[in-house]
Each structure stands twice: as C-alpha cells, then as structure tokens.
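Summary of the model geometry
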Amino acid sequence: MGFEFTPAKRLQALPPYVFARLDELKAKAREQGLDLIDLGMGNPDGFAPQPVVDAAVEALKVGENHGYPPFEGTGSFRRAIARWYHRRYGVNLSPDSEALPLIGSKEGLTHLALAYIDPGDLVLVPSPAYPAHFRGPLIAGAQLHRMVLKPEQDWLIDLSAIPEHLAQQAKILYFNYPSNPTTAVAPREFFEEIVAFARHYSILLVHDLCYAELAFDGYQPTSLLEIPGAKELSVEFHTLSKTYSMAGWRVGFVVGNSKIIQGLRTLKTNLDYGIFSAVQAAAETALELPDSYVEQAQQRYQQRRDFLVEGLRNLGWNLEKPKATMYLWVRCPKGMSSTDFALDTLQRTGVVVTPGNAFGEAGEGYVRISLIAERDRLQEVLNRFQQAGIRYE
Ligand SMILES: *Cc1c(COP(=O)(O)O)cnc(C)c1O
C-alpha cells in the first residue's frame with residue numbers, strides 16, 4: 001500500500017486543463033504517423049529578432065548577470081519599459097514604482113490574484129477568456145461571476161448586465177482587448193465606460209494587453225492607462241512573447257498603479273527571484289527595436305490572416321477578418337460541439353485547433369485557430385479540410 005496525498009482543495013476547484021487533454025491526443029496521432037499541423041497553441045513560430053539574441057549573448061559574458069537578479073527587475077529594463085510606454089501611448093510611468101518585470105505575463109496575472117484575492121472574494125471575469133484570467137482567481141479561492149460575451153455584442157463585456165449587488169461586491173475585474181480567444185477589439189469609449197464603472201463600484205481593473213502590437217489594417221489598440229483616471233485603480237499586463245516571438249524566454253511586465261504593483265511585488269519577493277538578467281537585457285533591446293520590426297511582424301500575421309480567412313470563406317465559412325491578435329475564432333459547423341469539431345478535425349486531417357470551451361463554457365460552438373504556420377502549411381490545412389469534406393454549411 002502506497003501513501004496517498006490529496007492535492008489541496010484549491011487545485012480541486014480548477015476545471016480540467018483542455019490543453020493537457022489535447023496534448024495526449026496529439027501524442028497519439030503522432031504515434032499513428034500523422035503529420036500534425038499544430039495551430040492549437042498561442043505559441044509564435046520562429047526566432048526572436050537577431051539584435052535581441054545578440055544582446056542576450058553579450059549579456060551572458062558579463063559576470064554579474066550570472067548572480068541573482070534584483071527582485072524588482074533591473075533598473076535599466078524598467079526604464080526601457082517606461083520609455084517604450086511613453087513612446088507608444090504618451091503616458092508617463094515611474095520606472096521605480098509603476099513598472100514591474102514579470103516571468104511572463106501569465107505569472108503576473110495569476111500571482112496578482114493571489115496577492116489581492118481572499119477566499120470568497122468576488123471577481124468578475126469574461127467568458128470566454130484566456131485561462132489565467134479565471135484560473136488565477138480560482139486558485140486564490142475567488143467566487144467568480146462570469147460576464148458572458150456574445151457575438152451579437154461584438155464580444156464586448158456588457159457592463160449593464162452585471163447585477164447591481166454583484167457589482168457592489170466585486171473586488172477585481174479582469175479583461176482583455178484585443179481578445180484571446182475571440183479576436184475582438186474594443187473601442188476607446190468602452191475603455192472609458194469600464195473605468196467609470198470601476199470608479200463607481202471601487203473595483204480593481206486588470207487589463208491584459210498582450211496583443212498591444214499585433215494589430216492590422218492600421219488599427220491601434222488602446223491601453224487602459226491612456227484613459228484619464230485609470231491609473232488610480234488599475235494595472236495592465238504586457239508580454240514580449242507575442243510581438244517579439246519570445247514566448248520561451250519568459251518575460252513580460254505589468255504597468256499601472258504603484259500601490260497595486262507593490263502588493264504583487266511583495267508576494268513575488270516571497271516566491272521567486274525575478275528574471276535572469278541576461279533575458280532582461282534582451283527584452284530591453286526588443287522594446288527599443290525600430291518600428292520597422294513591429295511592422296514586419298504585423299505584416300507576417302496579417303498575410304496569414306488574409307490567406308486563411310479567404311481559404312475558409314471558400315469552404316463555406318462566413319468569417320470576418322480580425323483586426324488584431326494571432327488567431328481566428330471560427331464557428332463550428334452546425335450540430336457539432338467545440339470538442340467534437342476539434343477532435344474530428346485532428347483525427348481526420350492532423351490539424352490541431354483549440355476547442356472554444358477551453359476558454360470557458362461561453363466559448364462553446366467555436367474553435368480557435370492560431371496563425372502560427374507559414375503559408376505553405378496553411379495551404380496544406382485548407383487542402384486537407386477540402387479533401388476531408390470539412391466545411392461550414
Ligand atoms: C499569450 C498570452 C499571454 C502571454 O503570456 P506570457 O506568460 O507573457 O507568455 C497573456 N495573455 C494572453 C491573453 C495571451 O494570449
């Protein structure tokens with residue numbers, strides 16, 4: 001007889017992680033010799049920019065970078081964040097108190113929940129949403145109110161649908177535009193409304209702007225901190241993972257209200273030692289790349305978007321081109337659930353897409369397709385769909 005140790009209740013509160021299940025099925029398909037095309041994860045293909053790699057190599061040659069980094073991140077990276085933020089959004093940030101480097105934004109989003117949520121506290125989260133936005137609060141013991149997003153409302157949060165007593169009670173609201181998974185963008189007026197709402201009910205706003213730069217057709221995403229008064233009650237998360245193809249480097253940052261950031265920093269000094277200094281040097285270089293780099297990245301995703309949207313339209317989908325992100329959010333054919341459609345597609349074509357219910361129940365009826373392969377592979381996806389008769393009727 002072995003010992004039996006039950007994981008903490010906070011783990012039992014979590015719904016199963018759909019990506020883990022998908023991983024098992026992918027492994028099986030590979031064993032059967034299928035040539036998988038994995039458009040399931042939000043993992044950019046390709047390399048970080050060469051100057052970023054060079055900066056990391058140089059930083060490796062500096063002895064002091066091999067020790068523990070400062071808890072609060074290097075001053076030089078924090079100053080680069082403040083300069084970048086000012087250049088993009090015209091807002092001043094104190095590099096000492098209003099910017100904090102993170103081991104990727106997922107780390108910060110989740111730890112912010114632990115820093116601010118007591119068991120039973122009410123948290124407002126969209127559904128569908130990026131999993132860290134509801135899993136972090138669940139780990140912290142939050143009671144969730146799910147703000148259901150609907151296609152007929154352009155996937156925007158309907159603040160007027162939140163019952164008054166829940167708005168009164170809520171401590172934190174998480175949101176994310178441009179949105180993963182829905183690819184929706186929010187107009188500036190929406191940001192103004194949500195700030196007014198949060199002020200009225202004293203709610204801490206958490207905005208995830210990880211697609212700050214992956215926007216197309218001249219669209220420029222809004223930062224929450226551009227809205228007057230927002231900095232008094234909010235923080236905004238950013239990442240180097242997407243724009244700069246640095247997902248494996250684990251680096252992001254949070255900007256915003258200094259007191260809120262201080263709470264997160266206090267928690268983190270108890271949990272981690274921050275980011276390898278060489279990675280911070282590289283991230284700093286990325287934020288200082290000329291705009292032409294960002295434009296190239298935008299073009300790469302925009303071309304893939306155009307190609308795949310047009311191909312899917314030929315297969316019967318009535319699909320609009322998203323203005324931002326690296327995804328398509330695609331309706332399942334009638335009568336098929338998200339899981340059925342994703343599994344059926346995987347088994348019949350070797351193409352991996354993510355079932356929408358991985359992002360919460362309100363994602364049911366959709367799958368998310370990541371634009372993380374070159375055009376010849378996307379062409380292959382379309383060929384296989386055509387051959388297998390996968391289309392939208
Ligand atoms: C990819 C993604 C992130 C990035 O996470 P990192 O931990 O910084 O790599 C955060 N939020 C959303 C919505 C994402 O899609």
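Refer to the structure printed above.
This structure is a prediction, so every number in the text was calculated from the model and none was measured. (Residues numbered from 1 in each chain as written. Predicted model: local features only at pLDDT ≥ 70, side-chain atom pairs only at ≥ 80, totals over all residues. Heavy atoms only, no water.)

**Details of the side chain of Asn257**
Tracing the sequence through the fold places Asn257 in the loop between strand E8 (252-256) and helix H9 (258-269). Owing to a relative accessible area of 14%, Asn257 belongs among the buried residues under this scheme. At 3.2 Å, the side chain of Asn257 forms a polar contact with the backbone oxygen of Glu232. Setting aside residues no more than four positions away along its own chain, Asn257 makes contact with Lys231, Glu232, Leu233, Ser234 and Val235. (Helix = DSSP H or I, 4+ residues; strand = E, 2+ residues; numbered from the N terminus. Buried < 20%, exposed > 50% of the residue type's maximum accessible area, 1.4 Å probe, protein only. Polar contact = N/O pair within 3.5 Å; in protein donor to acceptor, adjacent residues only side chain to side chain. Contact = heavy atoms within 4.5 Å.)

**Thoughts on the site of the ligand**
In the vicinity of the ligand lie 14 residues, with Asp208, Thr239, Ser241, Lys242 and Arg250 positioned nearest. In this structure, Asn180 approaches the ligand through a side-chain N or O atom, which is 2.7 Å from an oxygen atom. Within the side chain of Thr239, a nitrogen or oxygen atom sits 2.6 Å from an oxygen atom of the ligand. Across the complex, the protein chains shield 95% of the 390 Å² of accessible surface that the ligand would expose by itself. (Near = heavy atom within 4 Å. Areas by Shrake-Rupley, 256 points an atom, 1.4 Å probe, with all protein chains shown as cover.)

**With respect to the layout of surface pockets**
Its boundaries defined by the atoms lining it, the largest pocket holds a volume of some 720 Å³. If you trace the largest pocket, you find 25 residues lining it, with Asp154, Trp155, Thr182, Thr183 and Glu320 closest to the centre. In terms of residues, the lining of the largest pocket owes the most to one element, strand E9 (residues 327-331), which gives 5 residues. The residue makeup of the lining of the largest pocket, split by class, is 17 nonpolar, 3 polar and 5 charged. Split by domain, the residues of the lining of the largest pocket number at least three in each of domain 1 (10-47 + 292-388) and domain 2 (50-289). Empty space within the second largest pocket amounts to approximately 500 Å³. Elements represented by at least two residues in the lining of the second largest pocket include exactly helix H5 (105-116) and helix H6 (131-139). At 3 residues, H6 tops the list of elements feeding residues into the lining of the second largest pocket. Within the lining of the second largest pocket, the residues separate by chemical class into 11 nonpolar, 9 polar and 5 charged. Two domains each provide a minimum of three residues to the lining of the second largest pocket, namely domain 1 (10-47 + 292-388) and domain 2 (50-289). (1 Å grid on protein atoms, 1.4 Å probe; cavity = no way out; pocket = protein on both sides within 12 Å on 5 of 7 lines; lining within 4 Å. Points joined across faces, edges and corners; volume = space filled by probe spheres on them. Nonpolar A, V, L, I, M, F, W, Y, C, P; charged D, E, K, R; others polar. Domains from an automatic or database assignment.)

**With respect to helix H10 (residues 277-287)**
Within H10, 9 of the 11 residues are buried, leaving the element largely enclosed by the surrounding structure. Within the span of H10, buried status applies to Ser277, Ala278, Val279, Gln280, Ala282, Ala283, Glu284, Ala286 and Leu287. Buried residues belonging to H10 abut helix H3 (50-60), helix H4 (75-89), strand E2 (99-102) and E8.

**Brief notes about the pattern of salt bridges**
All chains considered together, the criterion is met by 27 salt bridges. Note that Asp272 and Lys268 form a salt bridge whose closest N and O atoms lie 2.9 Å from each other. Summarising the burial analysis for this pair, Asp272 and Lys268 share the class buried. Here the residues in one salt-bridge network are Asp217, Arg305, Asp306, Glu310 and Lys321, joined through shared partners. (Salt bridge = Lys/Arg side-chain N within 4 Å of Asp/Glu carboxyl O.)

**Some thoughts on H4**
The first and last C-alpha atoms of H4 sit 21 Å apart over 15 residues, in line with the 21 Å expected at 1.5 Å per residue. Taken as a whole, H4 has its buried residues at Phe77, Arg78, Ala80, Ile81, Ala82, Trp84, Tyr85 and Tyr89. The inward-facing, buried residues of H4 contact E2, strand E7 (234-239), E8 and H10. One or two residues past the end of H4 sits Gly90, with phi positive at roughly 65 degrees. (Expected span 1.5 Å × (residues − 1).)

**Considerations on unusual backbone geometry**
The omega torsion of the bond from Tyr177 to Pro178 falls at -5 degrees, within 30 degrees of zero and hence cis. If you trace the backbone, Pro178 turns up in the loop between strand E5 (172-175) and helix H8 (188-201). The omega torsion of the bond from Asn180 to Pro181 falls at 15 degrees, within 30 degrees of zero and hence cis. Unusually for a residue other than glycine, Asp217 sits at a positive phi of about 55 degrees. Among the structural elements, Asp217 can be located in the loop between strand E6 (204-208) and E7. We note that Arg250 has phi near 60 degrees; this positive angle belongs to a residue other than glycine. Position of Arg250 relative to the elements: it lies in the loop between E7 and E8.

**Examining the sheet that holds strand E12 (residues 366-370)**
The strands making up a sheet associate through backbone hydrogen bonding, with each pair oriented either parallel or antiparallel. Reading across from one edge, E9-E12-E11 is the order of the 3 strands in this open sheet, with antiparallel pairing throughout. Whereas interior strands pair on both sides, the edge strands pair on one side only; in this sheet they are E9 and strand E11 (354-355). Where E9 and E12 come together, 5 bridges link them in antiparallel fashion. Looking across to E12, one finds that Trp329 is bridged to Arg368. Relative to the sheet, helix H11 (residues 291-314) contacts E9 and E12, its axis offset from that of E9 by approximately 15 degrees. (Pairing = 2+ DSSP bridges. Axes fitted to C-alpha atoms, helices over the stretch in contact; angles between N-to-C directions.)

**Quick word on the sheet that holds strand E4 (residues 143-148)**
The sheet built from 7 strands is open, its strands ordered E2-E8-E7-E6-E5-E3-E4 with mixed pairing. If you trace the sheet from one side to the other, it starts and ends with E2 and E4, each paired once. The sheet shows a mean angle of 20 degrees between the axes of neighbouring strands, taken without regard to direction. Both E6 and E7 contribute to a ladder of 4 bridges, which runs parallel. Each residue of the ladder has a partner; that of Val206, found in E7, is Val235.

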